[in-house]
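Working through the structure, step by step
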Amino acid sequence: MNGAPTLDELVPPDRTLMGPGPSDVHPRVLRSMATPLVGYLDDYCVEIMDDIQEGLRYLFQTDNEHTLAISGTGSAAMETAFANLVEPGETVLVPDNGYFGARMGEIAERAGGEVRTVSAPWGEPLDPAAVEDAFAEHSPAVFGFVHGETSTGVRQTDVSELTRIAHENDAYAIADTVASLGGVEFRTDEWDVDVVYSGSQKCLSAPPGASPITFNDRAMEKVHARETPVRSWYLDLEGIWEYWGDERNYHHTGPISTMYALREALRLVSEEGLEETWERHERVAGALKRGVEAMGIGLNTADEYWLPTLNPVGVPAGVDDGRVIDRLLEEHGIEIVGGLGALEGEIFRVGCMGHSARPANVSQFVSAFGSVLTDEGADVDLEAGAGATANALGSQ
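Below you will find a few notes about this structure. Keep in mind that this is a model prediction, so the values were computed, not measured. (Residues numbered from 1 in each chain as written. Predicted model: local features only at pLDDT ≥ 70, side-chain atom pairs only at ≥ 80, totals over all residues. Heavy atoms only, no water.)

**Thoughts on the sheet that holds strand E10 (residues 210-215)**
- Taken in spatial order, the seven strands make up an open sheet running E2-E10-E9-E8-E5-E3-E4, and their pairing is mixed. Since the sheet does not close on itself, it has two edges, and those belong to strand E2 (66-71) and strand E4 (114-118), each with one partner. If you compare each strand with its neighbour and ignore which way they point, the axes differ by 20° on average.
- Inspection of the sheet shows strand E9 (residues 195-197) paired to E10 by three bridges, in the antiparallel sense. Residue Val196 lies in a different strand from E10, and its bridge partner there is Thr214.
- Where helix H3 (residues 74-85) meets the sheet, it contacts E2, strand E3 (91-95), strand E5 (142-146), strand E8 (172-176), E9 and E10, and its direction lies at approximately 30° from that of E10.
- Lying on the sheet, helix H7 (residues 217-224) is in contact with E2, E8, E9 and E10; it crosses E10 at an angle near 95°. (Pairing = 2+ DSSP bridges. Helix = DSSP H or I, 4+ residues; strand = E, 2+ residues; numbered from the N terminus. Axes fitted to C-alpha atoms, helices over the stretch in contact; angles between N-to-C directions. Contact = heavy atoms within 4.5 Å.)

**Quick word on the sheet that holds strand E14 (residues 347-351)**
- Strands sit in the order E11-E14-E13 across an open sheet of three strands; the sheet is antiparallel. With one partner strand each, in any of the chains shown, strand E11 (310-314) and strand E13 (337-338) form the two edges of the open sheet.
- In terms of strand pairing, E11 meets E14 through five bridges, oriented antiparallel. By the bridge assignment, Asn311 is partnered in E14 with Val350.

**Observations regarding helix H5 (residues 128-138)**
- For H5, every residue scored as buried is listed here: Pro128, Val131, Ala134 and Phe135. Within H5, the buried residues cover an arc of 115° as seen down the axis, which keeps them to one side. Opposite its buried face, H5 presents the exposed residues Asp133, Ala136 and Glu137, each directed more than 90 degrees away.
- Looking at the buried positions of H5, the neighbouring elements they touch are E3, E4, E5 and helix H6 (159-168).
- For H5, the N-terminal cap is Asp127; the gap from its side-chain oxygen to the backbone nitrogen of Ala129 is 2.9 Å.
- Trailing H5 by a residue or two, Ser139 shows a phi angle of about 50°, which is positive. (Buried < 20%, exposed > 50% of the residue type's maximum accessible area, 1.4 Å probe, protein only. Arc of directions from axis to C-beta. Polar contact = N/O pair within 3.5 Å; in protein donor to acceptor, adjacent residues only side chain to side chain.)

**Considerations on the nonpolar core**
- Judged by nonpolar contacts, the single largest core of 79 residues is most densely connected at Ile52, Phe82, Phe143, Tyr197 and Trp244.
- Take this core: its biggest share by element is nine residues, from helix H9 (residues 256-272). (Core = buried A, V, L, I, M, F, W, Y, C linked by side-chain atoms within 4.5 Å.)

**Considerations on helix H8 (residues 237-244)**
- Among the eight residues in H8, six count as buried, and that is most of the element.
- Restricting attention to buried positions, one finds in H8 the residues Leu237, Gly239, Ile240, Trp241, Tyr243 and Trp244.
- At its buried positions, H8 is contacted by helix H2 (43-60), E2, H3, E10, H7 and H9.
- For H8, the N-terminal capping position is held by Asp236, with its side-chain oxygen 3.1 Å away from the main-chain nitrogen of Glu238.

**Observations regarding the pairing of E8**
- The element E8 is largely enclosed, with a buried count of five among its five residues.
- As judged from the five bridges shared by E5 and E8, these two strands associate in the parallel manner. Residue pairing in the sheet places Val146 in a bridge with Asp176 of E8.
- The sheet contact formed by E8 and E9 spans three bridges and is parallel. Bridging across to E9, Ile174 finds its partner in Val195.

**Some words on a negative patch on the surface**
- Together, Glu65, Asp217, Glu221, Glu238, Glu242, Asp246 and Glu247 make up a region of like negative charge exposed at the surface.
- Topologically, Glu238 is positioned in helix H8.
- A residue is classified by how much of its surface remains accessible, and Glu238, at 37% relative accessible area, is partly exposed. (Patch = residues over 30% accessible without salt bridge, like charges linked within 9 Å, V, L, I, M, F, W, Y side chains within 5 Å. Areas by Shrake-Rupley, 256 points an atom, 1.4 Å probe, with all protein chains shown as cover. Salt bridge = Lys/Arg side-chain N within 4 Å of Asp/Glu carboxyl O. Lys, Arg positive; Asp, Glu negative; His and termini not counted. Charge placed at Lys NZ, Arg CZ, Asp CG, Glu CD.)

**Quick notes on the pattern of salt bridges**
- What the rule picks out here adds up to 21 salt bridges.
- As a salt-bridge pair, Arg248 and Asp50 come within 2.2 Å of each other at their nearest N and O atoms. Taken as a pair, Arg248 in the loop between H8 and H9 and Asp50 in helix H2 lie far apart in primary sequence, 198 residues in all.
- Judged by its relative accessible area of 36%, Asp50 falls in the partly exposed class.
- For Glu168, the salt bridge goes to Arg164, with nearest N and O atoms at 2.7 Å. Taken together, the residues span about one helical turn, with Glu168 and Arg164 both in helix H6 at a distance of four residues.
- The class of Glu168 is exposed, set by a relative accessible area of 55%.
- Looking at Arg164, the relative accessible area reads 29%, which means it is partly exposed.
- Overlapping salt bridges, with partners in common, bring together Arg323, Arg327, Glu331, Asp375 and Glu376 in one network.

Here it is in structure tokens:
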């Protein structure tokens, strides 16, 4: 038998998280996780769950009754959406213009769906005309799209137009807002989206592990009318709702500390105001955007569908993106990441989400980024970049 391991005290490095997630956790959220636990059916825990549902309805901009937090990361929320809404043999339409659209397809396939794709280049949103053509060709029962594509830094425009197309074809629309909810305008009811899911670790300044999701009444009618059981016991919404609904029966052990954190994160959003939160992300990320552009580096996306929460900064010619990423982490304590899939080696993915979307973080990043690029031989104007960022922040 192996002997007991010797484990040192936990001392994580002090990082500035400017990648695609997780983001810096707000100090109040961290403090909330250090408070005493209660049982997952304790009256106080039930109050916390009620508060979370109220806060999530504000965040999603919805009156949906079935609004809750899945015990798991954003991918668990994605799987909850597709596992419950898709029956075996149904056609599911998903985008192929980013990494997480492809993940939608993988999950829908495991739920028994027949997956078809609607195309757009990586770095561009879906064109409603292409979606309309795909509906005419494939007649899907369920249509998924990504509002803020983490792999490309692209915001899906024309959301209400996409949902109109789906509903005119008697289909259901699922939106992925993992990288956008709380940081970019999203209006579930006004835009008529059937199911929306997100994560806690990006724009909400909380740790991963309690993922927001909402189903409208139309979607719930389909869930209740299923002819086959949901293939996942853990993510079966009817079972989960016994815990989150009026009954409050045991389904699984709720992650109490993570629920405390989500509640505090939602309280922060309420205090700041949701529209003010959207505006802060745009202002602060706009200063980052101006800084890198003034250096002479463009973003790999057009202004009309720029996603402020995830900025796809181009890799200058002759620069090894991996070396830049490593040096930023080792020398400056700043985490960013590179591109995925079709954009691997072409972009840096620079997040500006939640508590990370602060002027000090952006100033630190632009200065350090320009310094490392200069050392790596890139033709960039460090002073112009820092000056443009400072001017943009100063004007705010």
